[in-house]
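Now for the letters of each chain:
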Amino acid sequence: MSRPHKQKPVTLDEIEAGLDLVARRMEKLGPRAELYLPIWRALTRERDKRIEADAILSAARDRLKQSRDRMAAQSS
């Protein structure tokens, strides 16, 4: 039995490209563009979550670096 393949997180660039695509489709549909609103909303939620996750990961890396720097200074 094979193990399930772990997927990489969707990148912010990929989400932004999806929003661009949906915007183009919405423009083509004119008055029926509202059909794409659920997709637009989902993509913007995912974009916001990705931005938040990226910011948290960056803050955690910064904090770890600061912690290591403090520990190195204390041991000197």
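The structure presented is a predicted model; accordingly, all values stated were derived computationally and were not measured.

Draft legend 1. Highlighting the pattern of salt bridges. Within the structure shown, the criterion is met by four salt bridges. Glu 46 serves as the salt-bridge partner of Lys 49, at 2.9 Å between the closest nitrogen and oxygen. Taken together, the residues Lys 49 and Glu 46, both in helix α2 (residues 37-75) and three residues apart, mark about one turn of the helix. With relative accessibility at 48%, the residue Lys 49 sits in the partly exposed group. The shortest N-O distance in the salt bridge between Arg 47 and Asp 48 comes to 3.3 Å.

Draft legend 2. The arrangement of α2 in detail. Under the 1.5 Å per step criterion, the end-to-end length of α2 is 57 Å for 39 residues, consistent within 8% with the ideal 57 Å. Considered for burial, the residues of α2 that qualify are Leu 43, Thr 44 and Arg 50. On its buried face, α2 sits against α1 (12-29).

Draft legend 3. Examining the packing of α1 against α2 more closely. Contact pair α1 / α2: the axes reach a minimum separation of 10 Å and the direction vectors enclose 160°. Comparing the axis directions of α1 and α2 gives the class roughly antiparallel. As α1 packs across α2, the resulting crossing turns out to be left-handed. Contacts from Leu 12, Ile 15, Glu 16, Gly 18, Leu 19, Val 22, Ala 23 and Met 26 in α1 reach Leu 37, Ile 39, Trp 40, Leu 43, Thr 44, Glu 46, Arg 47, Arg 50 and Ile 51 in α2.

Draft legend 4. Inspection of the side chain of Arg 50 at higher detail. Of note, Arg 50 is situated in helix α2. On the accessibility criterion, Arg 50 (17% relative accessible area) is buried. Setting aside anything within four residues of it in sequence, one finds Arg 50 in contact with Pro 9, Val 10, Thr 11, Leu 12, Ile 15 and Leu 57.

Reading guide: rules and limits
- Residue numbers restart at each chain and count upward from 1, following the sequence in its written direction.
- Local features in this predicted model are restricted to residues whose pLDDT is 70 or higher, and side-chain atom pairs enter the listing and the counts only when it is 80 or higher, whereas totals over whole chains, interfaces and linings include all residues.
- Processing note: side-chain calculations cover all non-hydrogen atoms of the structure and skip hydrogens and water entirely.
- What counts as a salt bridge is simple: a side-chain nitrogen of Lys or Arg found within 4 Å of a carboxyl oxygen of Asp or Glu.
- Strands here are runs of E lasting at least two residues and helices are runs of H or I lasting at least four, both read from the DSSP assignment and numbered beginning at the N terminus.
- Exposure categories follow from relative accessible area, calculated using a 1.4 Å probe and restricted to protein chains: below 20% of the type maximum is buried, above 50% is exposed, and the middle band is partly exposed.
- Helix span is expected to be 1.5 Å times the residue number reduced by one.
- We call two residues in contact whenever any of their non-hydrogen atoms come within 4.5 Å of each other.
- An axis is simply a line fitted to the C-alpha atoms; with a helix, the fit covers only the stretch in contact. Between two such axes, the angle follows the N-to-C directions and lies from 0 to 180 degrees.
- Orientation labels follow simple angle bins: below 35 degrees gives roughly parallel, above 145 gives roughly antiparallel, 65 to 115 gives roughly perpendicular, and whatever is left gives oblique.
- Here is the rule for handedness: rotate from the far helix to the near one, and if that takes an anticlockwise turn smaller than a right angle the crossing is left-handed, while a clockwise turn gives right-handed.

All quantities given are derived from atomic positions and should not be read as evidence of function.
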